[in-house]
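One-letter residues, chain by chain:
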Amino acid sequence: TMQSSGHRFRDVEHHPLLADNDTFDSSSSSSEADMADRVWFIRDGCGMVCAIMTWLLVVYADFVVTFVMLLPSKDFWYSVINGVLFNCLAVLALSSHLRTMLTDPGAVPKGNATKEYMDNLQLKPGEVIYKCPKCCSIKPERAHHCSICKRCIRKMDHHCPWVNNCVGEKNQRFFVLFTMYIALISAHALVLCGFQFFSCVRGQWTECSDFSPPVTVILMIFLCLEGFLFLTFTAVMFGTQIHSICNDETEIERLKSEKPTWERRLRWEGMKSVFGGQPSLLWINPFAGFRIRRLLLRGKKGGPEFSV
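Here the structure is a predicted model, which means the values were calculated and not measured.

Q: When you look at the UniProt feature "transmembrane region" (unreviewed entry) in the protein chain in this model, what are you seeing that I'm missing?
A: Sites flagged by UniProt as "transmembrane region" (unreviewed entry) map to residues 45-70, 76-94, 174-197 and 217-238. Within the segment residues 76-94, helix and strand shares are 100% and 0% respectively, and the terminal C-alpha atoms sit 27 Å apart. Strand forms 0% of residues 217-238 and helix 100%; the C-alpha atoms that close the span are 31 Å apart.

Here's what the structure looks like:
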């Protein structure tokens, strides 16, 4: 018999798994195989605005670095090397953002708390399972209900409006890469700004940029503020995520001080579980595992997300 700890579902009402008068629409549930071939998208106004702002800020940084600082530079190789490096990091950051936003974070199928489904589970007598009353699904251990996604998410860490999605079991790797690459391009932009200010002060402001000195200064000041804020935020978030992965503990579990009812993985095992397999360059590749076939399937709407 499996007993449930009191803290395990304290954020969920302890309803019976299925009452006699419960009804279930089979069209609302999806198999795990179907979910794997769908592009996930949350229709949340705040999240979509934040996601667009993220892209615009990266594009702004790329514009200032490329057209204000690098192209006017007289040092050809300085411009080429830094331009290629910055733009590659920007592409990796935005790709990681897209993968985080469009990947199912580990949503539990809606309305799967049916008698038929229960019979297929072959539960032992007395085994305790709970139903989420909000999305009418069987709630796995370590899953939490997200009020924005309107779904229970496996190993939900938190809901991040900047990626317009939850960070959970299936997309945490992409979120970690997103924070890492944003921190790197922010640091790179700050270093380039420092060199640019130094060279402009030593030389003529009219010669160090194709823009007028006041415009150049304003653009670079905004880039410095953006770079500093993003570097601070994403570096802290990156460190927090790595710490959580190594401790096999989500942010929600940490904030609620939940005592683990599961066997925690060792630190290195936790990293391999999230990033997949043995350490390799694939760990830092946001394109790994991407299948273009997902984008070619006909879209269907379902709940707060689009299923493609």
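Q: Explain a nonpolar patch on the surface to me, please; I cannot follow it from the model alone.
A: A cluster of nonpolar side chains, namely Phe-76, Trp-77, Val-80, Ile-81 and Val-84, defines an oily patch on the protein surface of about 540 Å² accessible area. Among the secondary structure elements, Trp-77 is positioned in helix α3 (residues 76-102). Taking the relative accessible area as the measure of exposure, Trp-77 reaches 57% and is therefore exposed.

Q: Teacher, can you tell me more about unusual backbone geometry here?
A: Only a minority of non-glycine residues have a phi that is not negative, and only a minority of peptide bonds are not trans. In the Ramachandran plot, Lys-150 falls in the positive-phi region, its phi being about 60° despite a non-glycine side chain. If you trace the backbone, Lys-150 turns up in the loop between β4 (143-146) and β5 (151-154). Exposure remark for Lys-150: the relative accessible area of 46% places this residue in the partly exposed category. Look at Asn-164: it is not a glycine, yet its phi comes out positive at around 50°.

Q: Would you take a moment to explain the side chain of Asp-104 for this structure?
A: Position of Asp-104 relative to the elements: it lies in the loop between α3 and α4 (115-121). Buried and unpaired, Asp-104 has no salt bridge, with Lys-170 as the nearest side chain of opposite charge at 4.1 Å. Polar contacts involving the side chain of Asp-104 include one to the main-chain amide nitrogen of Gly-106, which spans 3.0 Å. Polar side-chain contacts of Asp-104 include one of 2.9 Å to the backbone nitrogen of Ala-107.

Q: Can you walk me through the nonpolar core in this structure?
A: Of all hydrophobic cores here, the largest spans 37 residues; its most connected members are Val-65, Met-69, Phe-175, Ile-182, Leu-223 and Phe-275. With eleven residues, helix α5 (residues 172-202) is the single largest residue contributor to this core. The contact partners of Val-65, leaving out residues within four places of it in the chain, are Leu-70, Phe-86, Ala-189, Leu-192 and Leu-223. Within the second largest apolar cluster, nine residues are counted, among which are Ile-42, Cys-146, Cys-149 and Cys-166.

Q: So what exactly am I meant to see when it comes to the pairing of β5 here?
A: The side chains of a regular strand alternate between the sheet's two faces. Bridging between β4 and β5 involves four bridges; their strand directions are antiparallel. The partner of His-144 across the bridge, within β5, is Ile-153. Once β4 ends, the chain turns through four residues before running back antiparallel as β5, passing Lys-150 with a positive phi of about 60°.

Q: Is there a simple way to think about the state of the cysteines in this case?
A: By definition, a disulfide is the covalent link that joins the sulfur atoms of two cysteine residues. Applying the stated criterion across every chain yields a total of zero disulfides. Cysteine Cys-160 remains unbridged, with the sulfur of Cys-50 as its closest cysteine sulfur at 8.2 Å. According to the relative accessible area criterion, Cys-160 is buried, its value standing at 6%.

Q: Help me understand the side chain of His-159 in this model?
A: Relative to the elements of secondary structure, His-159 occurs in strand β6 (residues 158-160). What makes His-159 buried here is its relative accessible area of 17%.

Reading the values: rules and limits
- Residues numbered from 1 in each chain as written.
- Predicted model: local features only at pLDDT ≥ 70, side-chain atom pairs only at ≥ 80, totals over all residues.
- Heavy atoms only, no water.
- UniProt positions renumbered as here; feature names shortened; annotations may be inferred.
- Helix = DSSP H or I, 4+ residues; strand = E, 2+ residues; numbered from the N terminus.
- Patch = residues over 30% accessible without salt bridge, like charges linked within 9 Å, V, L, I, M, F, W, Y side chains within 5 Å.
- Areas by Shrake-Rupley, 256 points an atom, 1.4 Å probe, with all protein chains shown as cover.
- Salt bridge = Lys/Arg side-chain N within 4 Å of Asp/Glu carboxyl O.
- Buried < 20%, exposed > 50% of the residue type's maximum accessible area, 1.4 Å probe, protein only.
- Lys, Arg positive; Asp, Glu negative; His and termini not counted.
- Polar contact = N/O pair within 3.5 Å; in protein donor to acceptor, adjacent residues only side chain to side chain.
- Core = buried A, V, L, I, M, F, W, Y, C linked by side-chain atoms within 4.5 Å.
- Contact = heavy atoms within 4.5 Å.
- Pairing = 2+ DSSP bridges.
- Disulfide = S-S within 2.5 Å.

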